[in-house]
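# Secondary and tertiary structure notes
Take a look at the letters that make up each chain.
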Amino acid sequence: MIKINKENYLFILETPNTHYVFGIDDAGCNRHIHWGRKCPADDYSICIGSDESSNNTMLDEYKQEYTPFGLTMYRECDIKAQFSDQCREIQLAYCDYAADDSSLSVRFKDTHYPLEVVLNYRIFPHSDIIQRWTTVRNTGETEIRFERLFSAQFSLPSTKPYTFRNTNGAWGGEFVETATRLEGGYAMWDSRKGATNHGHSPHFIAAQNADENTGDVYFASLAYSGNFKVSASRDSFGITRIALGMNDFDFSHTLLAGESFDTPPVYCGYTQGYGEMTRQMNRFVTEHLLPKQFAQTPLPVLYNSWEATGFDVNEAQQIELAKIAAQIGVELFVMDDGWFGQRKDDHAGLGDWYVNPEKFPNGLDALIQAVNELGMDFGLWIEPEMVNKDSDLYRAHPEWTYHYRHRDACELRNQLVLNMTRKDVQDYIFTTLDTLLTKHNIKYIKWDMNRPFSQTGAENLEDPKMYSYLHTKAVYDIVDKLKERHPGTAIESCASGGGRCDLGALSHFDQAWTSDNTDAIDRLAIQKGYALLRPTKTMRAWVTDISGINKPCSLDFRFAVAMQGALGIGGNLSHYSSTDLEICKKNIGLYKQIRSIVQFGDLYRLLDHDTDEVSLNQYVSADKKESVAFLTARGTRFYKKKIPICFGGLDENTRYTLTFQGQTYKKSGAYLMNVGIAVHIRGAYYNEVILIQAL
Ligand code: DGJ
């Protein structure tokens with residue numbers, strides 16, 4: 001519900017457990033008032049400043065919803081622009097608002113120049129997540145050039161320092177978490193690589209005295225896959241502010257007369273504890289952001305050929321793999337890189353999306369038909385935004401890549417990035433993919449992107465510093481158009497594993513490839529970081545042959561880790577013994593039984609691989625009748641043998657049954673959550689999948 005106090009110009013966004021409150025002061029300036037637990041609505045008011053001094057100005061001290069650059073405001077701003085007469089200050093004054101039960105737009109105008117800024121908010125039933133974004137409009141005759149255009153600013157209530165959780169990852173080590181206590185100054189997490197990538201995440205999680213179940217946790221995630229910036233600060237008065245949006249590094253956007261622009265949205269929330277944060281976001285993204293086609297459908301178990309066959313694919317070998325995959329229960333067979341053009345390794349072929357006739361003399365359809373006859377759907381890898389110099393496409397259109405005439409084009413993995421801001425490039429990519437999907441029975445596309453951008457802008461002269469936004473938008477638009485024309489085909493965002501899986505990507509793609517690192521122990525950390533603010537169901541997790549020299553993880557252990565997301569198999573099945581194949585079959589059968597709980601349930605992180613040596617993650621169905629917990633021990637020390645484990649998320653008054661370590665328990669939810677059961681951890685790499693069912 002949105003409550004508006006028209007006399008005092010106060011806006012209260014009320015969600016089931018929180019209030020988000022802001023208002024307009026006497027000068028027409030937007031002022032943030034409160035975010036967190038609910039208070040009586042009549043108590044809210046704007047704090048009147050009275051101690052303006054030459055060195056500490058009130059403007060600098062205000063908590064604001066959206067801060068323009070200029071006047072005596074010296075801290076971080078959210079919007080910075082230059083008007084046609086070179087003026088670079090913006091002075092916003094309240095104009096009016098429009099609201100209904102779930103959305104609110106508050107309009108401000110510059111006091112002199114033809115600029116309108118609208119702050120937009122949306123709330124959702126049964127959720128504490130709030131959507132925010134900003135609209136700017138040029139209502140004049142001359143252009144306005146923006147140098148910064150963030151989506152939203154947040155001010156946190158406590159004057160004590162907050163600890164920020166973000167990621168400091170790299171390829172193969174994605175979503176590795178960091179904790180930064182911000183006592184003063186600035187902290188920043190961003191991407192300058194053209195797209196979101198393996199380094200930082202486009203979100204903030206700011207907490208005080210928090211653990212999984214308690215403490216104040218404020219969070220917001222930007223739904224955008226281009227260059228982003230999350231900038232947090234704490235001033236000398238103890239106020240912590242965070243701004244999120246398109247990165248202003250190498251950015252400018254010109255708004256011509258009459259034009260308007262919507263920033264990418266941000267989704268934010270306040271919860272008690274990190275666990276509830278994850279559960280709220282998981283439910284929200286699945287319900288409201290994921291493309292509708294597959295959002296409510298359990299994802300199939302897939303097989304992917306990459307780790308088995310690399311670039312060296314051919315019809316006979318893929319059919320052989322497909323036969324074994326079908327036997328163990330795989331539902332979707334995906335052929336990865338290597339099937340097209342002159343692709344023998346990573347030096348050639350990208351851009352030439354026709355099937356390689358030597359590898360597939362009977363075309364793609366012979367393989368697809370064989371896969372279909374085995375009872376599986378067929379999926380295909382493609383990397384549409386890229387081109388190798390050694391390709392027909394590059395020879396025909398060298399000008400289609402990002403480039404500067406007098407600079408060398410930087411190749412990474414021997415490939416260049418196509419300039420997706422060009423209409424002809426967009427048309428080529430859409431037509432190529434549309435033709436592939438029209439001609440062949442392809443039910444799944446793995447859309448890869450294996451390098452960051454460079455030499456950006458040459459062919460995009462009108463708005464060169466918007467390339468990252470325009471490229472991102474082109475990708476989203478093509479994916480949306482493909483989905484409209486081929487509603488039965490799911491599309492995965494791959495990006496070298498974990499490189500583009502922000503909430504923007506997940507508003508268009510159905511799922512993401514989490515990481516090329518499939519080492520089960522490393523995956524415990526990678527998957528934890530991924531699933532903090534992203535839905536479990538989108539997290540593709542494969543069982544592969546990487547069992548690690550120093551980490552002899554059994555096949556069962558690897559399954560116990562991969563089953564905590566959308567399960568896939570990536571090992572070379574042709575080399576598996578009949579015993580191994582039986583283990584695969586058993587686990588895939590089990591996964592099919594529990595996947596709805598994992599993919600749609602609530603996650604409880606009960607024990608942590610880093611702090612507890614043992615990881616225990618439990619998923620609980622929405623009706624609390626079914627639950628599954630995965631116990632995976634990284635290794636235990638100090639003769640630790642028996643540990644009591646308590647479960648989470650169950651109904652206190654319901655009786656449940658579970659069988660574990662040869663013993664069957666029939667206990668109430670209250671007992672399982674508060675007393676728990678003692679388990680014997682039998683050494684390193686011990687693992688168990690525990691099924692809990694209401695009696
Ligand atoms: C990177 C992906 O993450 C891998 O799974 C695989 O598809 C390769 N690219 C293929 O080049």
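Placed above this text is the structure.
Since we're looking at a predicted model, the values are computed, not measured.

### Some words on the overall build of the protein chain
Looking only at helices and strands, the protein chain has 14 helices and 38 strands in total. For 695 residues, the compact-globule estimate of 2.2 N^0.38 gives 26 Å, and the C-alpha radius of gyration of the protein chain, at 26 Å, lies within 12% of that figure. If one aligns the C-alpha atoms of the protein chain with their principal axes, the spans along those axes are about 80 × 70 × 45 Å. By sequence separation, contacts in the protein chain at least 24 residues apart represent 68% of the contacts at least 6 residues apart. A total of about 26800 Å² of accessible surface is found on the protein chain, and carbon and sulfur atoms cover 49% of it. Of the side chains in the protein chain, 71 bear a positive and 89 a negative charge, and the two mean positions are spaced by 5 Å.

### Section: empty space enclosed by the protein
Under the defined criterion, the tally for this structure stands at five cavities of 30 Å³ or more. Here the largest cavity is characterised by a volume of approximately 90 Å³. In terms of lining, the largest cavity is formed by 16 residues, of which the most central are F175, N197, H200, G498 and R534. The residue inventory of the lining of the largest cavity, partitioned by class, reads three nonpolar, nine polar and four charged.

### Considerations on the sheet that holds strand β29 (residues 539-543)
Reading around the circumference, β21-β22-β23-β26-β27-β28-β29-β30 is the order of the eight strands in this closed barrel, with parallel pairing throughout. Taking each pair of neighbouring strands and ignoring which way they run, the sheet shows an average axis angle of 30°. Of the pairings in the sheet, the one linking strand β21 (residues 302-304) to strand β22 (residues 332-335) comprises three bridges and is parallel in character. Each residue of the ladder has a partner; that of N304, found in β22, is V334. Helix-sheet contacts for helix α10 (residues 520-531) involve β28 (511-513) and β29, and the interaxial angle to β29 is about 165°. Contacts between helix α11 (residues 555-562) and the sheet are confined to β29 and β30 (566-569), with β29 contributing the most and set at about 175° to the helix.

### Some remarks on the packing of aromatic side chains
A complete count under the given rule lists 35 aromatic pairs for this structure. With a centroid separation of 5.5 Å and an interplanar angle of 75°, the aromatic rings of F11 and Y97 are classed as edge-to-face. One end of the pair, F11, is in strand β2 (residues 10-14); the other, Y97, is in strand β6 (residues 92-99), with 86 residues separating them in the sequence. Classification of F11 by relative accessible area gives buried; the value is 0%. Exposure remark for Y97: the relative accessible area of 29% places this residue in the partly exposed category. Residue placement shows R31 over the ring face of Y62; its charged tip is 3.6 Å from the ring centre. The side chain of K667 reaches across the aromatic face of Y671, ending 4.4 Å from its centre.

### Let's talk about the packing of α10 against α11
With their axes 10 Å apart at the nearest point, α10 and α11 run at an angle of 10° to one another. Here α11 runs roughly parallel to α10, going by the angle between their axes. When α10 is examined against α11, the residues A520, I521, R523, L524 and Q527 are found in contact with a partner set consisting of F557, R558 and V561. Residue classes in the contact of α10 with α11 are distributed as five nonpolar, one polar and two charged.

### Some details on the site of the ligand
Within the structure, the ligand sits among 14 residues, and D336, D337, K446, D448 and D516 are positioned closest to it. Contacts to the ligand include W381, whose side-chain N or O atom sits 3.1 Å from an oxygen atom. Interatomic distance of 3.4 Å between a backbone N/O atom of G497 and an oxygen atom of the ligand. Calculation on the ligand without its partners gives an accessible area of 290 Å², and the protein chains cover 98% of this total.

### Topic: the pattern of salt bridges
Going through the model one piece at a time under the given rule, you end up with 34 salt bridges. Notably, a salt bridge pairs D346 with R413, separated by 3.9 Å at the nearest N-O pair. Of this pair, D346 sits in the loop between β22 and α6 (363-373) while R413 is found in the loop between α7 (392-396) and β25 (415-417), placing the two residues 67 residues apart along the sequence. In this structure, the salt-bridge partner of D510 is K483, at a minimum N-O distance of 2.6 Å.

### Details of α11
Counting buried residues in α11 gives seven out of eight residues, a clear majority hidden from the surface. The elements touched by buried residues of α11 are α10, β29, β30, α12 (578-600), β33 (626-633) and β38 (687-694).

### What about the nonpolar core?
Ranked by size, the top nonpolar core spans 83 residues in total, and within it W339, W447 and L573 carry the most contacts. At nine residues, the largest contribution of residues to this core is made by α12. With 56 residues, the next largest nonpolar core counts Y20, I79, Y162 and L244 among its residues.

### Focus: the packing of helix α5 (residues 315-328) against α12
Running from amino to carboxyl end, α5 crosses α12 at an angle of 50°, the nearest separation of the two axes being 8 Å. Our classification of the angle between α5 and α12 gives oblique. On α12, the residues that touch I324, Q327 and I328 of α5 are L581, C584, K585 and I588. Residues of the contact of α5 with α12, tallied by class, amount to five nonpolar, one polar and one charged.

Conventions adopted
- Residues numbered from 1 in each chain as written.
- Predicted model: local features only at pLDDT ≥ 70, side-chain atom pairs only at ≥ 80, totals over all residues.
- Heavy atoms only, no water.
- Helix = DSSP H or I, 4+ residues; strand = E, 2+ residues; numbered from the N terminus.
- Rg over C-alpha atoms; globule rule 2.2 N^0.38 Å.
- Contact = heavy atoms within 4.5 Å.
- Areas by Shrake-Rupley, 256 points an atom, 1.4 Å probe, with all protein chains shown as cover.
- Lys, Arg positive; Asp, Glu negative; His and termini not counted.
- Charge placed at Lys NZ, Arg CZ, Asp CG, Glu CD.
- 1 Å grid on protein atoms, 1.4 Å probe; cavity = no way out; pocket = protein on both sides within 12 Å on 5 of 7 lines; lining within 4 Å.
- Points joined across faces, edges and corners; volume = space filled by probe spheres on them.
- Nonpolar A, V, L, I, M, F, W, Y, C, P; charged D, E, K, R; others polar.
- Pairing = 2+ DSSP bridges.
- Axes fitted to C-alpha atoms, helices over the stretch in contact; angles between N-to-C directions.
- Phe/Tyr/Trp six-rings, centres within 6.5 Å; stacked < 30°, edge-to-face > 60°.
- Buried < 20%, exposed > 50% of the residue type's maximum accessible area, 1.4 Å probe, protein only.
- Lys NZ or Arg CZ within 6 Å of the ring centre and 35° of its normal.
- Parallel < 35°, antiparallel > 145°, perpendicular 65-115°, else oblique.
- Near = heavy atom within 4 Å.
- Polar contact = N/O pair within 3.5 Å; in protein donor to acceptor, adjacent residues only side chain to side chain.
- Salt bridge = Lys/Arg side-chain N within 4 Å of Asp/Glu carboxyl O.
- Core = buried A, V, L, I, M, F, W, Y, C linked by side-chain atoms within 4.5 Å.

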